[in-house]
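Listed here are the chains, written in short residue letters.
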Amino acid sequence: MKLFLNKTSPYARAVRILMLEKGLEDRVELCWCDPWTDDAQLLEANPVGRVPALITDNGTSISESLLIAFYIDSLSSQLPSDNKEDNLHLASIGQGLMEAAFALVISRKYKDEGDDESVLTKRRISAIERSLLHLEQSIALISCCDISSGTIIIAVALDYLAFRLPELGADKRYPELEVWRANVVSRPSFKNTAFG
Ligand SMILES: N[C@@H](CCC(=O)N[C@@H](CS)C(=O)NCC(=O)O)C(=O)O
């Protein structure tokens, strides 16, 4: 398999961590690229031009991190199988949090600073806040779930907030979630894929 990725994409990092946790790293060639410069090989793998994109062993390309995660989940039963509905619930909130945070970072990067007052930006900040509150209130469920696609996506989304949006102070305002994140990101799969 080939995985197109870059070092700062939370979506690509979640997929890569899942592969490491599943012991599939020897089966995948990492293809580092810059999705913002229309990398020709990436565009061939994914005409949408975004990372992550996976080329499977039979040459099929799959994009969208959640779909790649579900494909990886189907390849190996390694990792204990938590309740499937809980895993999907956690994956969906983690993905939504990741998307809201990423959209905020990208709109700040490519638009005027005054854009922080825009309706869309305010909606994304509200989505981040509601998701964080939901996750903090769900800490009992999250803590008792083993590492899985759902918990990996949440931990990567929280780590992305700490990396790109520390001014939101999520770590201080949601202390139980922060303790959980600090514990998860101490795993080798997270350390070996740190943002940067
Ligand atoms: N929904 C997609 C989002 C992927 C995405 O936005 N990737 C970013 C990097 S974090 C990208 O490649 N952006 C390039 C672009 O939008 O042109 C997923 O879950 O994989």
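Residues numbered from 1 in each chain as written. Predicted model: local features only at pLDDT ≥ 70, side-chain atom pairs only at ≥ 80, totals over all residues. Heavy atoms only, no water.

## Looking at a nonpolar patch on the surface
There is a patch of nonpolar side chains on the surface, built from L67, F70 and L88 and spanning about 270 Å² of accessible area. Here L67 is to be found in helix α3 (residues 65-75). (Patch = residues over 30% accessible without salt bridge, like charges linked within 9 Å, V, L, I, M, F, W, Y side chains within 5 Å. Areas by Shrake-Rupley, 256 points an atom, 1.4 Å probe, with all protein chains shown as cover. Salt bridge = Lys/Arg side-chain N within 4 Å of Asp/Glu carboxyl O. Helix = DSSP H or I, 4+ residues; strand = E, 2+ residues; numbered from the N terminus.)

## Re the site of the ligand
Around the ligand, 14 residues are found, and the nearest of them are R50, V51, E64, S65 and Q95. Note that a nitrogen atom of the ligand is positioned 2.8 Å from one of the side-chain N or O atoms of E64. The side chain of S65 places a nitrogen or oxygen atom 2.6 Å from an oxygen atom of the ligand. Relative to its unbound accessible area of 520 Å², the ligand is 87% covered by the protein chains. Looking at the shell around the ligand, the elements that each hand over two or more residues are α1 (10-21) and α4 (84-110). With three residues, the single largest contributor to the shell around the ligand is α4. Its residues assigned to classes, the shell around the ligand shows seven nonpolar, four polar and three charged. Shared between two domains, the shell around the ligand takes at least three residues from each, and those domains are domain 1 (2-75) and domain 2 (84-191). (Near = heavy atom within 4 Å. Polar contact = N/O pair within 3.5 Å; in protein donor to acceptor, adjacent residues only side chain to side chain. Nonpolar A, V, L, I, M, F, W, Y, C, P; charged D, E, K, R; others polar. Domains from an automatic or database assignment.)

## Focus: the side chain of S149
Mapped onto the secondary structure, S149 falls in helix α7 (residues 149-164). The exposure class assigned to S149 is buried, which follows from its relative accessible area of 3%. Polar side-chain contacts of S149 include one of 2.9 Å to the side chain of D73. A distance of 2.9 Å separates polar atoms of two side chains, one belonging to S149 and the other to N87. Here S149 is in contact with L18, D73 and N87, once residues within four sequence places are set aside. (Buried < 20%, exposed > 50% of the residue type's maximum accessible area, 1.4 Å probe, protein only. Contact = heavy atoms within 4.5 Å.)

## Brief notes about unusual backbone geometry
Note that the residue after V51, namely P52, is joined by a cis bond; omega there is 5°. The topology assignment puts P52 in the loop between α2 (40-45) and β3 (53-55). Notably, E64 is not glycine yet its phi reads approximately 75°, a positive angle.

## Some points on α1
Counting along an α-helix, one turn takes 3.6 residues, and residues three or four places apart therefore face a common direction. For α1, spanning twelve residues, the distance from its first C-alpha to its last is 16 Å, which sits close to the expected 16 Å at 1.5 Å a residue. Most of α1 sits out of view: eleven of its twelve residues are buried. Every buried residue belonging to α1 is among P10, Y11, A12, R13, A14, V15, R16, I17, L18, M19 and E21, and all of these are buried. Regarding α1, its N-cap is S9, as a side-chain oxygen of that residue lies 3.3 Å from the backbone nitrogen of Y11 further along. Immediately downstream of α1, the backbone of G23 shows phi near 70°, a positive value. (Expected span 1.5 Å × (residues − 1).)

## Some remarks on the environment of E176
Its location among the elements puts E176 in helix α9 (residues 175-184). Here E176 falls in the partly exposed class, since its relative accessible area comes to 48%. Sequence-wise, E176 and T151 are 25 residues apart; in three dimensions their C-alpha atoms are separated by 15 Å. Other than its neighbours up to four places away in sequence, E176 contacts E136 and I139.

Nothing here speaks to function; it is all geometry.
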